[in-house]
Amino acid sequence: MATKAANPLGEEFAFDIGGPIAKYWVAVLRVITGWWFFHAGVTKLIEDGLAYGYGPMYMEGMTGTALGPLPVWMGQNLAWLIKPGVPLFETLIGLGIMFGVLTRLAAFGGAFFMTLFWVGNADFAHGVVSGDLMGLLLFVTLAALAAGRYYGLDAVIEQMAFVKRHPKLRYLLG
Amino acid sequence: MQETIIDTIDKAAMALGAGLMFLGIVVLGIVEILAGPPYGAAPMTNDAGDIIATPMFDPALRTGLVIAGLVVLLVWQGYRMAATPDQEQTDQQVEMAAD
């Protein structure tokens, strides 16, 4: 009598990297993460325009962190960039991630922001793993998985002759 | 674009990057728990707000290790990007006679 080993995880529910479920979920993750930053940025733009004064103040208060004197120096000397930069870059990063355009570059920007939030919001009463670190890891994950290639415009952009002539660009796209 | 991980530098960067992150989050987290309260990474205070116990490791050290790990991964990707020849890929399959 023929027998067949039953493997409930080995059939259509298997999470195969490159398979349809992986692509689908990476795209879902990308759009929601992008919306998160887009919402944060665009609401600042609506409320404060390009003069987000809390940004430099926040950074000036980042004393005694792992980033040393860098954020404080930035808050004191780069206010001209931070005030318009925070709402503008958050919005652009969100759009890039949502639509999968320059995904890896946008994810780097998101990870940079989240690093500042993670150490700047420093409460750590429940350990160093906080929601901010999870947000940071989300951006790194999107970059590592080249999330823009799954139902994102980077899949189209990477097929362009210009990108094919300059494969280095795939480290910023993807 | 390099799609494969073959280089010793690749392997070393992956090990160092993940190793620093695990050290900052997991390893020092375990030591922190074994060292007793506070189990988190922030000082414990009483109702009056006075600090009654401090963590064994400064959170700046632990977050710094994680950031260092991320920087290693970023530099590694920069290295891979720089190592990618800036010319059109002309991958061709060449038929070889079987031995």
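Residues numbered from 1 in each chain as written. Chains lettered and ligands numbered in written order. Predicted model: local features only at pLDDT ≥ 70, side-chain atom pairs only at ≥ 80, totals over all residues.

This part is about the packing of helix α5 (residues 103-120) of chain A against helix α6 (residues 131-144) of chain A. Residue and element names in this part refer to chain A. Interhelical geometry of α5 versus α6 gives an angle of 165° and a closest axis separation of 8 Å. What the angle tells us is that α5 and α6 run roughly antiparallel. Taken as a pair, α5 and α6 cross one another with a handedness that is left-handed. Across the interface between the two elements, T103, R104, A107, F108, G110, A111, M114, T115, F117 and W118 from α5 touch D132, L133, G135, L136, F139, V140, L142 and A143 from α6. In terms of residue class, the contact of α5 with α6 is built from twelve nonpolar, four polar and two charged. (Axes fitted to C-alpha atoms, helices over the stretch in contact; angles between N-to-C directions. Helix = DSSP H or I, 4+ residues; strand = E, 2+ residues; numbered from the N terminus. Parallel < 35°, antiparallel > 145°, perpendicular 65-115°, else oblique. Left-handed = near helix turned anticlockwise from the far one by under 90°. Contact = placed C-beta atoms within 7 Å. Nonpolar A, V, L, I, M, F, W, Y, C, P; charged D, E, K, R; others polar.)

With that settled, the discussion passes to the confidence of the model for chain B. Residue and element names in this part refer to chain B. In the predicted model, chain B carries a mean pLDDT of 84, and 84% of its residues have values of at least 70. Across chain B, the secondary-structure element scoring lowest on mean pLDDT is strand β1 (residues 44-45), at 84, and the one scoring highest is helix α2 (residues 59-83), at 94. Complex prediction metrics read pTM 0.83 and ipTM 0.77. (pLDDT = per-residue confidence, 0-100.)

This part covers the interface of chain A and chain B. The interface of chain A with chain B comprises 22 residues on the first partner and 20 residues on the second. If one sorts the elements of the side of chain A that touches chain B by residue count, α5(A) sits on top with three residues. Looking at the side of chain A that touches chain B, its residues break down into eleven nonpolar, six polar and five charged.

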